[in-house]
Amino acid sequence: MGIDDFGGGQGPQPDVLVVTTNDAPGYRVQEVLGEVFGLTVRSRHLGSQIGAGLKSMIGGELKGLTKTLVQTRNQAMERLVEQARARGANGVLMFRFDVTEAADVGTEVCAYGTAVVLARE
């Protein structure tokens, strides 16, 4: 597995800029459109659960579960960007992830932030 299997985020020139900060240097906020989020729930795969259980006995990274969580986070972020774009935003400020267990059957990942219209300064 390569580095792309364990990372995420946007490419070099996205049409919707997503940042974790309150503002984006070099831009000013023209309009605040409100909260946007992207949500996904992934069930646990029996094989990965068994492998994770065995691996936890001897220690080390659970690479299969790590890869699944990265894919899940990336999907939640893509959905957030789609929602922001549909509202007319070209930016999302205060981007965050929230991860919770979903009724003992899977993991819920929510990407959220504030959709805005940005203008270059």
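Now for a quick tour of the structure. These numbers come from a predicted model, not from an experiment. (Residues numbered from 1 in each chain as written. Predicted model: local features only at pLDDT ≥ 70, side-chain atom pairs only at ≥ 80, totals over all residues. Heavy atoms only, no water.)

### Concerning the packing of aromatic side chains
The geometry of an aromatic ring pair is captured by the separation of the ring centres together with the interplanar angle, meaning the angle of the planes. To keep things clear, this is the line we draw: A pair of Phe, Tyr and Trp rings is counted when the ring centres sit within 6.5 Å of each other, with Trp represented by its six-membered ring. The angle between the planes then sorts it: under 30 degrees is stacked, over 60 is edge-to-face, the rest tilted. Whether a residue is buried, partly exposed or exposed follows from its accessible area with a 1.4 Å probe, protein chains only, as a fraction of its type maximum: under 20%, in between, or over 50%, in that order. Placement of a positive charge over a ring is assigned whenever Lys NZ or Arg CZ falls within 6 Å of the ring centre and within 35 degrees of the normal to the ring plane.
Counted according to the given criterion, the structure contains one aromatic pair. Consider the rings of Phe95 and Phe97, whose centres lie 5.0 Å apart with planes at 75°: the pair is edge-to-face. Taking the relative accessible area as the measure of exposure, Phe97 reaches 26% and is therefore partly exposed. The ring centre of Phe97 lies 4.3 Å from the NZ or CZ of Arg73, which sits over that ring.

### Side note on the sheet that holds strand β2 (residues 27-43)
Quick note on the threshold: Strands were regarded as paired on the criterion that DSSP finds at least two bridges between them. Runs of H or I in DSSP of at least four residues are treated as helices and runs of E of at least two as strands, each being numbered from the N terminus. When checking whether two residues touch, look at their non-hydrogen atoms; a contact exists if any pair is within 4.5 Å. Every axis in this analysis is a line fitted to C-alpha atoms, fitted for helices over the stretch in contact. Angles between the N-to-C directions lie between 0 and 180 degrees.
If you walk across this open sheet you meet the four strands as β1-β3-β4-β2, and the pairing is mixed. The sheet terminates laterally at β1 (17-18) and β2, the two strands that pair on one side only. For strand β3 (residues 91-102) and strand β4 (residues 106-120), the ladder comprises 10 bridges, and the chain directions are antiparallel. Among the inter-strand pairings, Gly91 is bridged to a residue of β4, identified as Val116. Packing of helix α2 (residues 63-86) onto the sheet brings it into contact with β1, β2, β3 and β4, and relative to β2 it is tilted by some 140°.

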